[in-house]
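Survey of secondary and tertiary structure
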Protein chains: 2
Amino acid sequence: MMRILSSNLKNNIGESVLVKGWVHRIRILKSVTFIILRDRSGCVQCVFEGKPEWTKGLKIETVVAIEGLVCTSNNQYQSVEIQGKTLEIQNEVAEDLPIQINGDHLEVNLETILNNRVLALRHFQNQAIFKLQALIVAAFRQFLEANDFLEMFTPKIVKEGAEGGAEIFKLNYFGETAYLAQSPQFYKQMMVIAGFERVFEVGSVYRAEQHSTNRHLNEYVSMDFEMGFIEDEYEVMAMEEKLLKFMFQTLAEKGKTQFEALGIQCPVVPDIIPKLKMKEAIEILKTHYQRHELDGDLDPQGEREISAYVKTKYGSEFVFITHYPKQKRPMYTKCYDESDETHSFDLLFRGLEITTGGQRINEKDILIERMVAKGLDPTLYSSYLEAFKYGAPAHGGLAIGLERLTAQIMDLSNVRLASLFPRDQQRLLP
Amino acid sequence: MMRILSSNLKNNIGESVLVKGWVHRIRILKSVTFIILRDRSGCVQCVFEGKPEWTKGLKIETVVAIEGLVCTSNNQYQSVEIQGKTLEIQNEVAEDLPIQINGDHLEVNLETILNNRVLALRHFQNQAIFKLQALIVAAFRQFLEANDFLEMFTPKIVKEGAEGGAEIFKLNYFGETAYLAQSPQFYKQMMVIAGFERVFEVGSVYRAEQHSTNRHLNEYVSMDFEMGFIEDEYEVMAMEEKLLKFMFQTLAEKGKTQFEALGIQCPVVPDIIPKLKMKEAIEILKTHYQRHELDGDLDPQGEREISAYVKTKYGSEFVFITHYPKQKRPMYTKCYDESDETHSFDLLFRGLEITTGGQRINEKDILIERMVAKGLDPTLYSSYLEAFKYGAPAHGGLAIGLERLTAQIMDLSNVRLASLFPRDQQRLLP
């Protein structure tokens, strides 16, 4: 007999069926035994007469196959139930569970959740988080493909790894020192210049930063795009506005069940996201939040404050901060001629930076100049610089951190909860 | 004026337009100058009266913006051309090109192609390869999503990295020894067991093998899926048959232009791919190819021979080799009870292995037994083993090497040509 998913049983009323899954709950009464079976699609109540032999020692989360008759019913899971005939144990549970995963919430702390990750992921809220995350990525790709961006796969083992910013992981590559890519930055620029013009990548990136906060991971998924022949960074921001609008609309539609499971609503992206120059943002923080110590950049508290301000004033949960000063941006960032500012931006969403982007320098000599000004040695970037010798159009792009975006959409308290198997300074397992 | 792509100009006959791109060709005659402009969508011929000032020193691959009038025409590129008014140089080419990229073929060797990767990628054949590659991946995902597989992102920095097979890259992770994942094998199994049941991932994997062949890369893209509640490995093969059928059909439709550019046809996947047990394959090689030295596995020559045999006998360019002996397969491979064989398979396509798959062991004790039999220390896999304690359904899956699949579809002589920025023992740049 072919297995049927629990969510499809409503089409099989009056038929004998086979279902397979995990024992979600067991309730043994005097004359009847209830087994709630859970599979990837949901739960179904299975009712057995009396107290069958197999109830002896049956543990929650055992993998079972149940045959029985589908009947209409009125229970908390579905409008049908199964009148069970046989139950076969397919994979036993040897020990008592370390955490309870069939309740309304996982009533344990973050460490315990991550230490018992495989089990914790079975909780319906975690299932919902990662189903939504998959939808986020799919919508990101769908929009970009429709807008003529090409998906690419660039190496994560790199030689010219250091962008002059955060620390990077080193490895021994057949006797040579190599690095784990902090971002596909150089490669996405090269791909624009290689004639593809519009490219995107969804892939792992690595930061050896010694941060231990609720918003940092040492390995995370970066959603990058880069586009050529732009006028300036405002074209990149306009593309992100349309991209996010599409992503969130798609998410609201396709992720309806998951949002309901999490008891939250999908955020709404305004057509035009408010934009503040860094100088304006700092002025606002001075005036309205008595923050007088900020210099050219926002700290995490400042990000939250400016987001709160924008939400009150413009009704938007998103805000672009533009015109970062050049000391605060990497060497490849295009600078304004007449000031210390750059053609760059961050996007804050609910008080957290989820995107960094901007227009890049596309003139080799200026790029070398900026490297030197940043104290970097241009000879260490010769393969990157080579790309700018044979016709490099104006270009720009951005990166969105997948786990951060997921966490902000779902109001998760820690970005680790939006990573299946998070990596931080203390955590390499599971 | 808004930029128009060259492939859209046919809709603008009689209008003034702006095009931007690279100077693909220059031809200066007595009374007229031809500039062939190339953008991501193709080429367009632009005709200027006389010999304008900017022709002086204008180099091929310069980035230009051209304004002019769209007229019907009869030239090798399009049924329209642009009567040029102005040409603005947007980014200059400083030096002569090291390779010629506007010919019918890139007439240089592999090393030169890879040393000049950004430039070489501008050649229309390389553009076609990576546009087709993006379609391959998109179709892989589309099929799996439609079949209820969830996209996942698993860590590439791992602690329990060694599957007991090929060598792996080590790195210092905040003072601890970590590895770069050889595959998402453990994690995709964990995700099935975590209740997602069906998962897939497209991501980088790492092999520190010291091979230097035309079919090995040290970093490549693996397309993995894993599915729970299967009967046996034949269910996994059946899924791959449907998957490949869908992928190749989609590719033939959406990649028509690219196949034409490459001058090749999209291969056809039979509904049922021929299956040979390893023992049968070895018998065939003995009988028909006088190969008497093979023992439980095929060498590259044997792969080519068995593919040739199957193509002649069954008309299929694909063949599954099944029932690999357990010495040749990793410890997690499920074994047949009554023999030395395993529930595993490879898929050969045009003489090359492009998939490895099989059913996995889902019983913790048997898994430990197999680890010990393979000389592996189970305590080094405790986090992986932990997953099998609380209900692990029968499951199996496979991995397809993206670059190999791409290379075989397009008859490329070296897998490096199907990687944007390949990594091998000698190559970390660009």
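For clarity, every value in this text was computed on a predicted model and none was experimentally measured.

**Overview of the domain arrangement of chain A**
Each assigned domain of chain A is listed here: domain 1 (6-91) and domain 2 (119-418). Using only C-alpha atoms to locate each centre, domain 1 of chain A and domain 2 of chain A end up separated by 47 Å.

**Digging into the sheet that holds strand 12 (residues 275-277) of chain B**
Note: strands within a sheet are paired through backbone hydrogen bonds, in either parallel or antiparallel orientation. Residue and element names in this part refer to chain B. In space, the eight strands of this open sheet follow the order 6-10-11-16-15-14-13-12, with mixed pairing throughout. Strands with a single pairing partner mark the edges of an open sheet, and in this sheet they are strand 6 (150-151) and strand 12. Here strand 11 (residues 219-228) pairs with strand 16 (residues 395-401) via seven bridges, running antiparallel. Within strand 16, the position partnered with Met227 by the bridge is Gly396. Against the sheet, helix 3 (residues 124-146) touches strand 6, strand 10 (198-206), strand 11 and strand 16, its axis set at about 155° to strand 10.

**Observations regarding the UniProt feature "binding site: L-aspartate" (unreviewed entry) in chain A**
Residues and elements named next belong to chain A. When the UniProt feature table is mapped onto this chain numbering, "binding site: L-aspartate" (unreviewed entry) sits at Glu163, Arg207, Thr356 and Arg360. Those residues in contact with Arg207, other than ones at most four positions away along the chain, are Glu167, Phe169, Gln182, Ser183, Asn218 and Tyr220. From its side chain, Arg207 meets the backbone oxygen of Gln182 in a polar contact 2.9 Å long. For Thr356, the location among the structural elements is in strand 15 (residues 352-359). Accessibility expressed as a relative area gives 32% for Thr356, which makes it partly exposed. Setting aside residues no more than four positions away along its own chain, Thr356 makes contact with Arg329, Phe345, Asp346, Gly397, Leu398 and Ala399.

**Here's the deal with the interface of chain B and chain A**
Between chain B and chain A, the contact holds 94 residues from the first and 95 residues from the second. When chain B packs against chain A, the two sides together hide about 7700 Å² of surface, and 62% of this comes from carbon and sulfur. In this structure, the connection of chain B to chain A is made through 12 salt bridges. Ionic pairing is found between Glu197 of chain B and Arg3 of chain A, a salt bridge with its closest N-O pair at 3.0 Å. Residue classes in the side of chain B that touches chain A are distributed as 49 nonpolar, 15 polar and 30 charged.

**Some words on the relation of the copies chain B and chain A**
Superposition of chain B onto chain A requires a rotation of 180° combined with a translation of 0.0 Å along the rotation axis, giving an RMSD of 0.0 Å. Here the transformation between the copies is reduced to the relation of a two-fold axis. Across chain B, the smallest distance between a C-alpha and the rotation axis is recorded for Leu171 of chain B, namely 2.5 Å. Mapped onto chain A, 99% of the interface residues of chain B are again interface residues, and the two copies thus contact each other with one and the same surface.

**With respect to the pattern of salt bridges**
When the charged atoms of two side chains with opposite charge come close together, those side chains can pair. Taken as a whole and assessed by the stated rule, the structure comprises 64 salt bridges over all chains. The shortest N-O distance in the salt bridge between Arg141 of chain A and Glu151 of chain B comes to 2.6 Å. Linking Arg141 of chain A in helix 3 (residues 124-146) with Glu151 of chain B in strand 6, this pair reaches from one chain into another. Exposure class is identical for Arg141 of chain A and Glu151 of chain B. Each is buried. One network of salt bridges, with partners in common, ties together Arg3 and Arg40 of chain A together with Asp148 and Glu197 of chain B.

**Here's the deal with helix 8 (residues 300-314) of chain A**
Between its first and last C-alpha, helix 8 of chain A extends 21 Å over 15 residues, near the 21 Å set by a 1.5 Å rise per residue. The set of residues buried in helix 8 of chain A consists of Gly302, Glu303, Glu305, Ile306, Ser307, Tyr309 and Val310 of chain A.

**Points about helix 8 (residues 300-314) of chain B**
Buried residues along helix 8 of chain B sit in contact with strand 12, helix 7 (278-289), strand 13 (318-322), strand 14 (344-349) and strand 15 (352-359) of chain B. Immediately beyond the C-terminal end of helix 8 of chain B, within one or two residues, lies Gly315 of chain B, with a positive phi of roughly 70°.

**Focus: the packing of aromatic side chains**
Evaluated as defined, the whole model comprises 32 aromatic pairs over all chains. Seen in terms of ring centroids, Phe186 of chain A and Tyr384 of chain A are 4.0 Å apart; in terms of plane orientation they differ by 15°. Their pairing is stacked. With Phe186 of chain A in helix 4 (residues 185-196) and Tyr384 of chain A in helix 10 (residues 382-386), the pair connects residues that are 198 residues apart, well separated along the chain. Accessibility classification places Phe186 of chain A together with Tyr384 of chain A in one group, the buried group. Consider the rings of Phe320 of chain A and Phe345 of chain A, whose centres lie 5.4 Å apart with planes at 90°: the pair is edge-to-face. One end of the pair, Phe320 of chain A, is in strand 13 (residues 318-322); the other, Phe345 of chain A, is in strand 14 (residues 344-349), with 25 residues separating them in the sequence. As far as burial versus exposure is concerned, Phe320 of chain A and Phe345 of chain A are alike and both buried. Here a set of aromatic residues connected by ring pairs shows up, and it is made of Phe186, Tyr381, Tyr384 and Phe388 of chain A. Over the face of the ring belonging to Tyr324 of chain B we find Arg329 of chain B, whose NZ or CZ atom lies 4.0 Å from the ring centre.

Definitions and cut-offs
Residues numbered from 1 in each chain as written. Chains lettered and ligands numbered in written order. Predicted model: local features only at pLDDT ≥ 70, side-chain atom pairs only at ≥ 80, totals over all residues. Heavy atoms only, no water. Domains from an automatic or database assignment. Pairing = 2+ DSSP bridges. Helix = DSSP H or I, 4+ residues; strand = E, 2+ residues; numbered from the N terminus. Contact = heavy atoms within 4.5 Å. Axes fitted to C-alpha atoms, helices over the stretch in contact; angles between N-to-C directions. UniProt positions renumbered as here; feature names shortened; annotations may be inferred. Polar contact = N/O pair within 3.5 Å; in protein donor to acceptor, adjacent residues only side chain to side chain. Buried < 20%, exposed > 50% of the residue type's maximum accessible area, 1.4 Å probe, protein only. Buried area = accessible area lost by both parts, 1.4 Å probe. Salt bridge = Lys/Arg side-chain N within 4 Å of Asp/Glu carboxyl O. Nonpolar A, V, L, I, M, F, W, Y, C, P; charged D, E, K, R; others polar. Least-squares fit on C-alpha atoms with pLDDT ≥ 70 in both. Expected span 1.5 Å × (residues − 1). Phe/Tyr/Trp six-rings, centres within 6.5 Å; stacked < 30°, edge-to-face > 60°. Lys NZ or Arg CZ within 6 Å of the ring centre and 35° of its normal.

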